[in-house]
Amino acid sequence: MVLDNAPSWQALLTSEFNAPYMQALRSFLRTEKDAQKKIYPHSQNWFHALEATPLNEVKVVILGQDPYHQAGQAHGLCFSVLPNIKTPPSLVNIYKELESDLNISPANHGYLESWAEQGVLLLNAVLTVEDSKANAHQGKGWEQFTDKIIETVNTKCEHVVFLLWGSYSQKKGAIIDCSKHLVLKAPHPSPLSAYRGFFGCRHFSQANDYLKSHSKRPIDWQLPPL
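In every chain, residue numbers begin from 1 and rise along the written sequence. Two thresholds apply to this predicted model, a pLDDT of at least 70 for residue-level local features and 80 or more for giving and counting side-chain atom pairs, whereas whole-chain, interface and lining totals are computed over all residues. Based on all heavy atoms of the structure, the side-chain values leave hydrogens and waters out of the count.

1. Quick notes on the overall build of the protein
Here's step 1: Going along the chain from the N terminus, every DSSP run of H or I of four or more residues is numbered as a helix, and every run of E of two or more is numbered as a strand. The number of helices and strands found in the protein is eight helices and six strands.
Here's step 2: The order of α-helices and β-strands along the protein, N terminus first, is α-α-β-α-β-α-α-β-β-α-β-α-β-α.
Here's step 3: A compact globule built from 226 residues would reach a C-alpha radius of gyration of about 17 Å, and the protein, at 17 Å, matches this within 12%.
Here's step 4: Projected onto the principal axes, the alpha-carbon positions of the protein cover approximately 50 × 35 × 30 Å.
Here's step 5: Of the contacts made within the protein by residues no fewer than 6 positions apart, 67% connect residues no fewer than 24 positions apart.
Here's step 6: Using a 1.4 Å probe, the Shrake-Rupley method yields the accessible areas, and only the shown protein chains count as cover for residues. With an accessible surface of roughly 10,500 Å², the protein has 49% of that area assigned to carbon and sulfur atoms.
Here's step 7: Charged residues are defined here as Lys and Arg on the positive side and Asp and Glu on the negative side; His and the ends of the chain fall outside this count. Here the site of a charge means atom NZ of a Lys, CZ of an Arg, CG of an Asp or CD of a Glu. The positive charge centre, built from 21 side chains, and the negative charge centre, built from 21, are 3 Å apart in the protein. We compute the radius of gyration over the C-alpha atoms and compare it with the globule rule, which gives 2.2 Å times the number of residues raised to the power 0.38. Note on contacts: a residue pair qualifies if any of its non-hydrogen atoms lie within 4.5 Å across the two residues.

Following this line, the structure appears as structure tokens:
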């Protein structure tokens, strides 16, 4: 596990890889692989969120919980799936809110790479999962690592928008300094909870208004066609 392709994060996170919790996590993942268990995403994409969005370019943080656990879906960005994969239900609801908020027509795919390239850090709390077993890698050490990522953005960046959807993300984001960043909270976009307040939250327009008020380029939430 290395951050060779994420130089802006490397200097601040390298010490984490030498920490006992990360060594234990590395050992766990090695044992899982030795047991021929399928792990998603592919190891080359475990840190893709950091590779796609350099620290100095972070404008928005969206916190997810766990990678998708079916073949071909996860590629290291929360809520995003690879091209030619059916758009998952939570992302369908995100698109519905985007259309309501900014009149952006839903994309015909679920590949959110262009958001990441514009400065949207799409970070899951846990960066790996076992095939068909949701939350299988919770409590193994990833949460401590991603807490460090959030802490790094909180301390090193200015005027970032944190979109915290659901109680899990809101608890994880409790350390964020609301005096220097904008924290927006809503229920999770899952079909189980989206109608409890995610729909109508208008987080996307609020995020862009905040960025513009601090002389930052807003996010173009319209995904390019594939």
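Still to come is the rest of the account.
2. Observations concerning the pairing of strand S6 (residues 182–186)
Here's step 1: Between any two strands, pairing holds if DSSP finds at least two bridges. When strand S5 (residues 161–165) meets S6, the two strands line up parallel, connected through five bridges. Following the sheet pairing, Trp-165 is matched in S6 by Ala-186.
Here's step 2: Seen with its strands pointing away from the viewer, a crossover is right-handed when the path leading from the first strand over the helix to the second is clockwise. Following the chain from S5 across helix H7 (residues 167–172) to the adjacent parallel S6, one finds a crossover that is right-handed.

3. Some remarks on empty space enclosed by the protein
Here's step 1: A pocket here means an open set of points on a 1 Å grid, computed over the protein atoms alone, that has protein on both sides within 12 Å along at least five of seven lines. A cavity is instead a set of points where a 1.4 Å probe fits but cannot get out; residues with an atom within 4 Å of a point line either one. Grid points are joined across faces, edges and corners, and a volume is the space filled by probe spheres set on the points. Per the stated rule, a full pass over the model turns up one cavity of 30 Å³ or more.
Here's step 2: Approximately 40 Å³ is the volume attributed to the largest cavity.
Here's step 3: Lining the largest cavity, in full, are Tyr-95, Leu-98, Ile-104, Ser-105, Pro-106, Ala-107, Trp-221, Gln-222 and Leu-223.
Here's step 4: Considered class by class, the residues forming the lining of the largest cavity number seven nonpolar, two polar and no charged. We call Asp, Glu, Lys and Arg charged. Ala, Val, Leu, Ile, Met, Phe, Trp, Tyr, Cys and Pro are nonpolar, and the rest, Gly among them, are polar.

4. Details of unusual backbone geometry
Here's step 1: Look at the link from Tyr-40 to Pro-41: it is a cis peptide, with omega at -10 degrees.
Here's step 2: Mapped onto the fold, Pro-41 is located in the loop between strand S1 (39–40) and helix H3 (48–52).
Here's step 3: Positioned with a positive phi, Gln-36 is a non-glycine residue whose angle comes to about 65 degrees.
Here's step 4: In this fold, Gln-36 is placed in the loop between helix H2 (20–34) and S1.
Here's step 5: We classify Gln-36 as exposed; its relative accessible area is 68%.
Here's step 6: Here the phi dihedral of Ser-215 falls at roughly 60 degrees; this positive angle occurs in a residue that is not glycine.
Here's step 7: To sort residues, take the accessible area from a 1.4 Å probe on protein chains only and compare it with the maximum for the residue type: under 20% means buried, over 50% means exposed, and anything in between is partly exposed. You can call Ser-215 exposed: its relative accessible area is 73%.

5. Points about the sheet that holds S6
Here's step 1: Ordered by their spatial adjacency, four strands build an open sheet running S3-S2-S5-S6, and the pairing between neighbours is parallel. Each having just a single partner strand, strand S3 (120–124) and S6 make up the two edges of the open sheet. Strand-to-strand twist in this sheet, taken as the mean axis angle between neighbours without regard to direction, amounts to 20 degrees. Lines fitted to C-alpha atoms define the axes, with helix axes restricted to the stretch in contact, and inter-axis angles between N-to-C directions lie between 0 and 180 degrees.

6. Describing the nonpolar core
Here's step 1: With 72 residues, the main nonpolar core has Trp-9, Leu-121, Phe-145 and Val-153 as its most contacted residues.
Here's step 2: The residues contacting Phe-145, other than those within four sequence positions of it, are Leu-13, Glu-16, Phe-17, Tyr-21, Met-22, Phe-47, Leu-50 and Leu-127. Buried Ala, Val, Leu, Ile, Met, Phe, Trp, Tyr and Cys residues that are joined via side-chain atoms within 4.5 Å together make up what is termed a nonpolar core.

7. Section: the packing of helix H1 (residues 7–17) against helix H6 (residues 142–156)
Here's step 1: Across the interface, H1 lies against H6 with an axial gap of 11 Å and an inter-helix angle of 145 degrees. Both H1 and H6 take part in a crossing whose hand is right-handed. Contact residues: Trp-9, Leu-12, Leu-13, Glu-16 and Phe-17 in H1; Phe-145, Lys-148, Ile-149, Thr-152, Val-153 and Lys-156 in H6.
Here's step 2: The class makeup of the residues in the contact of H1 with H6 is seven nonpolar, one polar and three charged. By convention, the crossing between two helices is left-handed when the near helix turns anticlockwise from the far helix through less than a right angle, and right-handed when the turn is clockwise.

8. A closer look at the pattern of salt bridges
Here's step 1: Think of a salt bridge as a Lys or Arg side-chain nitrogen and an Asp or Glu carboxyl oxygen that are within 4 Å of each other. The tally for this structure, following the rule as stated, stands at seven salt bridges.
Here's step 2: With a closest N to O distance of 2.9 Å, Asp-101 and Arg-202 form a salt bridge. Of the two residues, Asp-101 is situated in helix H4 (residues 89–102) and Arg-202 in the loop between S6 and helix H8 (203–213); the sequence distance between them amounts to 101 residues.
Here's step 3: With relative accessibility at 44%, the residue Arg-202 sits in the partly exposed group.
Here's step 4: Between Asp-209 and Lys-212 there is a salt bridge whose closest N-O contact spans 4.0 Å. Of this pair, Asp-209 and Lys-212 both sit in helix H8, three residues apart, which is roughly one turn of that helix.
Here's step 5: A relative accessible area of 47% places Asp-209 in the partly exposed class.

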